[in-house]
Amino acid sequence: QVQLVESGGGLVQAGGSLRLSCAASGSIFSINVMGWYRQAPGKQRELVADISRYGDGNYAESVKGRFTISRDNAKSLVYLQMNSLKPDDTAVYYCKVQDWGSRAYWGQGTQVTVSS
(Lines give C-alpha, C1' and ligand atoms only; values in the text may rest on other atoms or scores of the structure.)
Protein backbone atom coordinates (compact mmCIF):
# COMPACT_ATOMS: atom_id res chain seq x y z
CA GLN A 1 0.00 0.00 0.00
CA VAL A 2 3.03 2.28 -0.17
CA GLN A 3 2.82 5.02 -2.75
CA LEU A 4 5.34 7.57 -3.95
CA VAL A 5 3.93 10.32 -6.12
CA GLU A 6 6.24 12.64 -8.05
CA SER A 7 5.30 16.00 -9.45
CA GLY A 8 6.94 19.05 -10.96
CA GLY A 9 8.34 17.68 -14.19
CA GLY A 10 7.86 19.39 -17.50
CA LEU A 11 9.46 21.02 -20.49
CA VAL A 12 11.99 23.80 -20.01
CA GLN A 13 14.64 25.54 -22.06
CA ALA A 14 18.31 25.05 -21.38
CA GLY A 15 19.34 27.20 -18.45
CA GLY A 16 15.92 27.03 -16.85
CA SER A 17 14.81 25.58 -13.54
CA LEU A 18 12.34 23.03 -12.20
CA ARG A 19 11.49 21.77 -8.75
CA LEU A 20 10.48 18.15 -8.32
CA SER A 21 8.46 16.94 -5.36
CA CYS A 22 7.78 13.45 -4.07
CA ALA A 23 5.20 12.55 -1.46
CA ALA A 24 5.33 9.21 0.32
CA SER A 25 2.26 7.62 1.86
CA GLY A 26 0.93 4.26 2.94
CA SER A 27 2.24 1.48 5.12
CA ILE A 28 5.96 2.30 4.97
CA PHE A 29 7.53 1.53 8.33
CA SER A 30 10.15 4.20 8.86
CA ILE A 31 11.87 6.28 6.21
CA ASN A 32 15.64 6.35 6.12
CA VAL A 33 17.23 7.61 2.91
CA MET A 34 15.25 9.48 0.27
CA GLY A 35 16.53 10.26 -3.17
CA TRP A 36 16.13 10.93 -6.83
CA TYR A 37 17.24 8.81 -9.76
CA ARG A 38 16.87 9.39 -13.47
CA GLN A 39 16.82 7.32 -16.61
CA ALA A 40 17.28 8.65 -20.11
CA PRO A 41 16.34 6.64 -23.21
CA GLY A 42 18.94 3.99 -23.92
CA LYS A 43 20.78 4.59 -20.65
CA GLN A 44 20.82 2.94 -17.25
CA ARG A 45 19.09 4.44 -14.29
CA GLU A 46 21.48 6.55 -12.27
CA LEU A 47 21.54 8.27 -8.92
CA VAL A 48 21.02 12.00 -9.10
CA ALA A 49 20.97 12.83 -5.40
CA ASP A 50 19.96 11.37 -2.08
CA ILE A 51 19.59 12.69 1.42
CA SER A 52 19.77 11.20 4.88
CA ARG A 53 17.15 11.67 7.54
CA TYR A 54 19.44 14.25 9.10
CA GLY A 55 19.81 16.35 5.98
CA ASP A 56 23.15 15.17 4.59
CA GLY A 57 23.01 15.32 0.81
CA ASN A 58 24.90 13.31 -1.76
CA TYR A 59 25.06 14.30 -5.44
CA ALA A 60 26.18 12.91 -8.74
CA GLU A 61 29.17 14.82 -10.08
CA SER A 62 27.20 15.89 -13.13
CA VAL A 63 24.68 17.85 -11.04
CA LYS A 64 26.81 19.26 -8.23
CA GLY A 65 26.38 22.98 -7.94
CA ARG A 66 23.18 22.93 -9.97
CA PHE A 67 20.77 20.68 -8.07
CA THR A 68 19.76 20.77 -4.42
CA ILE A 69 17.95 18.01 -2.56
CA SER A 70 15.92 18.63 0.58
CA ARG A 71 13.32 16.83 2.66
CA ASP A 72 10.54 17.32 5.17
CA ASN A 73 10.51 14.36 7.53
CA ALA A 74 7.24 15.25 9.20
CA LYS A 75 5.43 15.31 5.86
CA SER A 76 7.40 12.49 4.21
CA LEU A 77 8.39 14.75 1.33
CA VAL A 78 11.56 15.03 -0.69
CA TYR A 79 12.36 17.77 -3.17
CA LEU A 80 14.86 18.31 -5.94
CA GLN A 81 15.55 21.88 -7.01
CA MET A 82 17.13 21.81 -10.46
CA ASN A 83 18.81 24.93 -11.80
CA SER A 84 20.86 25.63 -14.91
CA LEU A 85 19.29 22.68 -16.66
CA LYS A 86 21.02 21.15 -19.64
CA PRO A 87 19.68 18.99 -22.48
CA ASP A 88 21.62 16.07 -20.98
CA ASP A 89 19.39 16.33 -17.91
CA THR A 90 16.45 15.12 -20.01
CA ALA A 91 15.16 11.92 -18.45
CA VAL A 92 12.42 10.37 -16.40
CA TYR A 93 13.10 11.23 -12.78
CA TYR A 94 12.15 8.70 -10.12
CA CYS A 95 11.72 9.18 -6.42
CA LYS A 96 13.18 6.46 -4.22
CA VAL A 97 12.58 5.88 -0.53
CA GLN A 98 14.33 3.30 1.61
CA ASP A 99 13.16 2.31 5.06
CA TRP A 100 15.22 1.05 7.97
CA GLY A 101 14.42 -2.51 6.97
CA SER A 102 16.25 -1.92 3.66
CA ARG A 103 13.05 -2.02 1.64
CA ALA A 104 13.08 0.22 -1.40
CA TYR A 105 10.07 1.97 -2.84
CA TRP A 106 9.87 3.71 -6.19
CA GLY A 107 7.56 6.25 -7.72
CA GLN A 108 6.20 6.06 -11.24
CA GLY A 109 8.47 8.82 -12.48
CA THR A 110 8.04 12.30 -13.86
CA GLN A 111 9.35 13.43 -17.23
CA VAL A 112 11.85 16.26 -17.42
CA THR A 113 12.66 17.53 -20.89
CA VAL A 114 15.23 20.25 -21.49
CA SER A 115 15.19 21.75 -24.95
CA SER A 116 18.15 23.22 -26.79
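Residues numbered from 1 in each chain as written. Predicted model: local features only at pLDDT ≥ 70, side-chain atom pairs only at ≥ 80, totals over all residues. Heavy atoms only, no water.

Novice: Whenever I open this one, the overall build of the protein confuses me. Can you help?
Specialist: Helix and strand content of the protein: 0 helices and 11 strands. Written out in order from the N terminus, the α and β elements of the protein read β-β-β-β-β-β-β-β-β-β-β. Compactness check: the protein gives a C-alpha radius of gyration of 14 Å against a globular reference of 13 Å for 116 residues, within 12% of the reference. The buried share among the 116 residues of the protein stands at 42%. In the protein, 53% of the contacts between residues at least 6 apart in sequence involve partners at least 24 apart. Each charge class in the protein was averaged separately, 12 positive and 9 negative side chains, and the resulting centres sit 2 Å apart. (Helix = DSSP H or I, 4+ residues; strand = E, 2+ residues; numbered from the N terminus. Rg over C-alpha atoms; globule rule 2.2 N^0.38 Å. Buried < 20%, exposed > 50% of the residue type's maximum accessible area, 1.4 Å probe, protein only. Contact = heavy atoms within 4.5 Å. Lys, Arg positive; Asp, Glu negative; His and termini not counted. Charge placed at Lys NZ, Arg CZ, Asp CG, Glu CD.)

Novice: Is there a simple way to think about the sheet that holds strand E8 (residues 77–82) in this case?
Specialist: Whenever strands of a sheet pair, they do so through backbone hydrogen bonds, lying parallel or antiparallel. If you trace the 4 strands from one edge of the open sheet to the other, you get E1-E3-E8-E7, paired in antiparallel fashion. Across the chains shown, the open sheet's two edge strands, defined by having one partner strand only, are strand E1 (3–7) and strand E7 (67–72). With strand direction ignored, the average angle separating the axes of adjacent strands in the sheet is 15 degrees. Sheet topology places E1 next to strand E3 (residues 18–25); 5 bridges connect them, and they run antiparallel. (Pairing = 2+ DSSP bridges. Axes fitted to C-alpha atoms, helices over the stretch in contact; angles between N-to-C directions.)

Novice: Teacher, can you tell me more about the nonpolar core here?
Specialist: For soluble globular proteins, nonpolar side chains are generally found buried alongside one another. The biggest cluster of nonpolar side chains holds 29 residues, and the ones touching the most others in it are Trp36, Val48, Phe67, Val78, Leu80, Met82 and Tyr93. Elements with a minimum of two residues in this core: E3, strand E4 (31–39), strand E5 (46–51), E7, E8, strand E9 (91–99) and strand E11 (110–115). Setting aside its immediate chain neighbours within four residues, Leu80 contacts Leu18, Arg19, Leu20, Trp36, Val48, Ala49, Phe67, Thr68, Ile69 and Tyr93. (Core = buried A, V, L, I, M, F, W, Y, C linked by side-chain atoms within 4.5 Å.)

Novice: When you look at the pattern of salt bridges in this model, what are you seeing that I'm missing?
Specialist: Two side chains bearing opposite charge may form a pair once their charged atoms approach each other closely. By the definition in use, this model includes 5 salt bridges. Asp89 is the partner of Arg38 in a salt bridge, and the nearest nitrogen-oxygen pair spans 2.9 Å. With Arg38 in strand E4 and Asp89 in the loop between E8 and E9, this residue pair connects regions lying 51 residues apart in the sequence. Here Lys64 makes a salt bridge to Glu61, at a shortest N to O gap of 2.6 Å. By sharing partners, the salt bridges in this structure join Arg38, Glu46, Arg66 and Asp89 into a single network. (Salt bridge = Lys/Arg side-chain N within 4 Å of Asp/Glu carboxyl O.)

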